[in-house]
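Next come the chains, spelled out residue by residue.
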Amino acid sequence: MSKDLVPFWEKAYQEYDTVTFSIEPNTTVTEFEHLIGSQSKVLDVGCGEGQNAIYLAKQGHLVDAFDLSEHGIAKLKHRCKLSNTLVNAFLADLTTYQFE
């Protein structure tokens, strides 16, 4: 991939001391969270550095999260370790992911 085509967040995902988009979950997650049963299984597609996945895991949900960005997944795993939060984070491409 050409350097010109690399999204800006790829560099930011490599910097563990900064937050790329937000440390808080996005408003859609918090607005509709009441529709999710307690301790539900949640799949966060395109999780980036994981603000939504971590938030939902802290609320007691079982969270799987994936992203195309290797650096995003690494940063999510790092953030989970620091906050003692369990998220099953893995590298995957939505265009080829096989949903169960």
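Residues numbered from 1 in each chain as written. Predicted model: local features only at pLDDT ≥ 70, side-chain atom pairs only at ≥ 80, totals over all residues. Heavy atoms only, no water.

**As for the nonpolar core**
Filter applied, for reference: Residues grouped as a nonpolar core are buried Ala, Val, Leu, Ile, Met, Phe, Trp, Tyr and Cys residues, joined through side-chain atoms within 4.5 Å. Per-residue accessibility, obtained with a 1.4 Å probe over protein chains only, is compared with the maximum for each type, and a residue is labelled buried under 20%, exposed over 50%, and partly exposed between these values. Strands here mean DSSP runs of E at least two residues long; helices mean DSSP runs of H or I at least four residues long; both are numbered from the N terminus. We call two residues contacting when some pair of their heavy atoms lies within 4.5 Å.
Core analysis: the biggest nonpolar cluster contains 14 residues, and Val63, Ala65, Leu76 and Val87 have the highest contact counts within it. The set of elements that each furnish at least two residues to this core consists of α3 (51–58), β2 (62–67) and α4 (70–83). If you tally residues by element for this core, the top one is α3, at 4 residues. The contact partners of Leu76, leaving out residues within four places of it in the chain, are Cys47, Gly48, Glu49, Gly50, Ile54, Ala65, Val87 and Ala89.

**Quick word on the pattern of salt bridges**
To be explicit about the condition: The term salt bridge refers to a side-chain nitrogen of Lys or Arg lying within 4 Å of a carboxyl oxygen of Asp or Glu.
Throughout the structure, instances matching the rule amount to 2 salt bridges. Here Glu15 makes a salt bridge to Lys11, at a shortest N to O gap of 3.0 Å. Judged by its relative accessible area of 30%, Glu15 falls in the partly exposed class. The class of Lys11 is exposed, set by a relative accessible area of 57%. Between Lys75 and Glu49 there is a salt bridge whose closest N-O contact spans 2.8 Å. With Lys75 in helix α4 and Glu49 in the loop between β1 (41–45) and α3, this pair connects stretches of sequence that are 26 residues apart. Note on accessibility: Lys75 and Glu49 belong to one class, buried.

**Some thoughts on the packing of aromatic side chains**
Worth spelling out the cut-off: Only Phe, Tyr and Trp rings take part, Trp by its six-membered ring, and two of them pair if their centres are within 6.5 Å. Stacked means planes under 30 degrees apart, edge-to-face means over 60, and tilted covers everything else.
Considering all chains together, one arrives at 7 aromatic pairs under this definition. Between Phe8 and Trp9, the aromatic rings sit 5.2 Å apart at their centres with planes inclined by 75°, giving edge-to-face as the arrangement. A relative accessible area of 30% places Trp9 in the partly exposed class. Centroid distance Phe66 to Phe90: 5.5 Å. Interplanar angle 35°. Geometry classified as tilted. You can see Phe66 sitting in strand β2 and its partner Phe90 sitting in strand β3 (residues 88–91), a full 24 residues away along the chain. Classification of Phe90 as partly exposed rests on a relative accessible area of 21%.

**Some points on the sheet that holds β2**
Threshold: In this scheme, strands are said to pair when DSSP sees at least two bridges between them. To get an axis, a line is fitted to the C-alpha atoms, and for a helix only the part in contact is used. The angle between two axes follows their N-to-C directions and goes from 0 to 180 degrees.
Strand order in the open sheet formed by 3 strands is β1-β2-β3, and the pairing between neighbours is parallel. Lying at the two open borders of the sheet, with one neighbouring strand each, are β1 and β3. Each strand axis lies, on average, 15° off the axis of its neighbour in the sheet, ignoring direction. Where β1 and β2 come together, 5 bridges link them in parallel fashion. Note that in β2 the partner of Leu43 across the bridge is Asp64. Contacting β1 and β2, α3 crosses the sheet at an angle of about 170° to β2. In this fold α4 packs onto β2 and β3, with an angle of close to 165° to the strand it touches most, β3.

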